[in-house]
Amino acid sequence: MGGALDQIIDISQDGRHLSRDRGFLLVQENSHTIGRVPLDQIAAVIVHAHGVTWTNSILVELAERGTPVVFCAANHQPRALLLPIEGHHAQGARMRAQWTAPEPLRKQAWKRVVIAKIKMQAAALAAIGQPPAPVQFIARSVQSGDSTNAEAQAARLYWPMLLGPSFRRDPERSDVNGLLNYGYTVLRAAMARAIAAAGLHPTIGIFHCNRSNAFALADDLMEPFRPLVDLTARTILAQSGPEVTSAAKQAFARLIALDLPLTGETSPVSVALARLATSLAQSFETRKLTLALPEPPNTTILMGLGQ
């Protein structure tokens with residue numbers, strides 16, 4: 001679980017029952033209470049276990065608060081997402097603006113997202129003592145829509161320096177990829193919540209457009225934040241191995257409360273996600289791009305991720 005106001009509830013034990021109890025999420029096993037969490041403090045519920053049951057009323061309560069429920073496979077990859085039908089008073093107008101956004105606007109938005117991601121990757125490398133300059137250099141050459149695939153060029157340099165030359169990003173592998181899967185699931189859930197709250201639809205991406213991907217926009221907008229998960233996974237791997245333990249889950253949940261520089265001030269990741277989604281929604285409506293993208297935190301903060 002995360003901080004007091006942004007808790008990630010992870011249901012990983014079989015046989016749990018989830019219900020509502022006067023403003024609380026109640027988790028039980030064989031009628032015995034395991035946990036009781038205020039609904040207003042829950043950022044997301046992530047379900048991995050088999051044989052989990054829940055009442056309709058708890059799912060409705062979570063939806064009314066905009067709290068996503070993510071259903072995961074055994075490899076910690078999300079398979080389904082429960083989000084509210086209504087997320088914002090101007091949702092209809094914003095979704096129409098999102099759907100009809102001009103291609104040049106979407107391409108410029110993706111360019112800025114990719115630049116922000118590459119800058120965060122460079123900062124992550126600097127924090128572990130690797131030379132950031134080669135990755136930073138690529139950020140200068142990103143074109144509209146990332147037509148030259150600078151994101152992939154940066155990744156080819158980034159991953160070997162971060163996790164070693166033998167690392168391959170493969171969600172189906174049971175090594176450090178399992179940690180990355182879980183961390184990205186936490187981030188994706190928080191991003192999806194912010195998107196719904198901003199009146200946008202998470203399926204309609206600015207770059208990702210796989211028809212089967214219900215998280216397309218969430219996957220787009222979470223890109224600059226991924227290196228925070230990567231560094232956390234690297235630290236956990238070094239300290240305790242690749243298993244996704246309770247302590248590892250708590251470390252990833254704490255990322256939601258991490259402070260980041262954002263448009264001249266400092267805001268938790270949860271707020272940064274919300275401001276990014278809102279700024280994109282406003283850009284769709286005005287047809288003028290103004291994205292609130294995060295800047296890398298200082299090296300000391302990055303070095304402490306996963307501790």
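Residues numbered from 1 in each chain as written. Predicted model: local features only at pLDDT ≥ 70, side-chain atom pairs only at ≥ 80, totals over all residues. Heavy atoms only, no water.

**Some remarks on the overall build of the chain**
Per the secondary structure count, the chain includes eleven helices and ten strands. What you see for the chain is a C-alpha radius of gyration of 19 Å, in line with the 19 Å of a compact globule of 307 residues. Per-residue burial for the chain yields a buried fraction of 51% across its 307 residues. Split by element, the accessible area of the chain, about 13800 Å² in all, is 52% carbon and sulfur. (Helix = DSSP H or I, 4+ residues; strand = E, 2+ residues; numbered from the N terminus. Rg over C-alpha atoms; globule rule 2.2 N^0.38 Å. Buried < 20%, exposed > 50% of the residue type's maximum accessible area, 1.4 Å probe, protein only. Areas by Shrake-Rupley, 256 points an atom, 1.4 Å probe, with all protein chains shown as cover.)

**Quick word on the side chain of Lys-117**
Looking at where Lys-117 falls in the secondary structure, it is placed in helix 3 (residues 103–127). For Lys-117, the contacting residues outside a window of four places in its chain are Glu-151, Glu-223, Pro-224, Arg-226 and Pro-227. (Contact = heavy atoms within 4.5 Å.)

**Thoughts on the sheet that holds strand 4 (residues 32–38)**
Pairing is mixed in the open sheet, where four strands are placed in the order 4-3-2-6. In this open sheet, the two strands that pair with only one neighbour each are strand 4 and strand 6 (53–54). Here strand 3 (residues 24–29) runs beside strand 4; their pairing, made up of six bridges, is antiparallel. Within the sheet, the bridge partner assigned to Leu-26 lies in strand 4 and is Arg-36. Packed on one face of the sheet, helix 1 (residues 56–64) meets strand 2 (17–21), strand 3 and strand 6 and runs near 65° to strand 2. (Pairing = 2+ DSSP bridges. Axes fitted to C-alpha atoms, helices over the stretch in contact; angles between N-to-C directions.)

**Considering unusual backbone geometry**
Phi at Asn-30 is positive, roughly 55°, even though this residue is not glycine. Inspection of the secondary structure assignment puts Asn-30 in the loop between strand 3 and strand 4. On the basis of relative accessible area, Asn-30 is assigned to the exposed category, the value being 65%.

**Digging into the packing of aromatic side chains**
Taken as a whole and assessed by the stated rule, the structure comprises five aromatic pairs. For the ring pair Trp-159 and Phe-167, a centre distance of 4.9 Å and an interplane angle of 35° mean the geometry is tilted. For the pair Trp-159 and Phe-167, one class covers both residues: buried. Both rings, one in Tyr-182 and one in Phe-252, keep their centres 6.1 Å apart while their planes meet at 50°; by these two values the pair is tilted. Here Tyr-182 is found in helix 6 (residues 176–197), whereas its partner Phe-252 is found in helix 9 (residues 246–254), with 70 residues between them in sequence. Under the relative-accessibility criterion, Tyr-182 is labelled buried at 1%. Cluster of aromatic residues (ring-pair linked, three or more members): Tyr-158, Trp-159 and Phe-167. Here the basic side chain of Arg-188 rests over the ring of Phe-215, its NZ or CZ set 5.4 Å away from the ring centre. (Phe/Tyr/Trp six-rings, centres within 6.5 Å; stacked < 30°, edge-to-face > 60°. Lys NZ or Arg CZ within 6 Å of the ring centre and 35° of its normal.)

**Thoughts on the pattern of salt bridges**
Taken as a whole and assessed by the stated rule, the structure comprises 15 salt bridges. In this structure, Asp-175 engages Arg-173 in a salt bridge whose closest nitrogen and oxygen atoms are separated by 3.5 Å. One network of salt bridges, in which partners are shared, links Arg-20, Asp-40, Glu-61 and Arg-65. (Salt bridge = Lys/Arg side-chain N within 4 Å of Asp/Glu carboxyl O.)

**A look at the nonpolar core**
Residues Ile-118, Met-191, Ile-206, Leu-221, Phe-225, Leu-228 and Phe-252 are the most contacted members of the largest nonpolar core, which totals 87 residues. Each residue touching Phe-252, except ones within four places of it in the same chain, is listed here: Leu-179, Tyr-182, Gly-183, Val-186, Val-229, Thr-232, Ala-233 and Ile-236. If you look at the next biggest cluster of nonpolar residues, it comprises 16 residues, including Ile-9, Ile-11, Ile-42 and Val-69. (Core = buried A, V, L, I, M, F, W, Y, C linked by side-chain atoms within 4.5 Å.)

**Considerations on the pairing of strand 5 (residues 42–47)**
In terms of burial, strand 5 is a largely internal element, six of the six residues being buried. With five bridges joining them, strand 1 (residues 7–11) and strand 5 adopt parallel strand pairing. Looking at strand 5, one finds that Ile-8 is bridged to Ala-44. Across three bridges, the pairing between strand 5 and strand 7 (residues 69–72) is parallel. Bridge assignment links Val-47 to a residue of strand 7, and that residue is Phe-71.

**Observations regarding helix 5 (residues 150–163)**
Taking 1.5 Å of rise per residue, 14 residues should cover 20 Å, and helix 5 covers 20 Å from first to last C-alpha, within 8% of that figure. Close packing links the buried residues of helix 5 with helix 3, helix 4 (133–139), helix 6 and helix 8 (226–240). Gly-164 occupies a position one or two residues after helix 5 and carries a positive phi of about 100°. (Expected span 1.5 Å × (residues − 1).)

**Points about the pairing of strand 3**
With five bridges joining them, strand 2 and strand 3 adopt antiparallel strand pairing. Each bridged residue has a counterpart across the sheet, and for His-17 the counterpart in strand 3 is Gln-28. Linkage of strand 2 to strand 3, two consecutive antiparallel strands, is achieved through a turn of two residues, within which Arg-22 is found at a positive phi near 50°. The loop that links strand 3 with its antiparallel partner strand 4 comprises two residues; one of these, Asn-30, has a positive phi angle of about 55°.

**Describing helix 6**
Here helix 6 contains 22 residues, and its C-alpha end-to-end distance of 32 Å stays within 8% of the 32 Å for a straight helix at 1.5 Å per residue. The element helix 6 is largely enclosed, with a buried count of 20 among its 22 residues. Just past helix 6, the residue Gly-199 takes up positive phi, approximately 85°.

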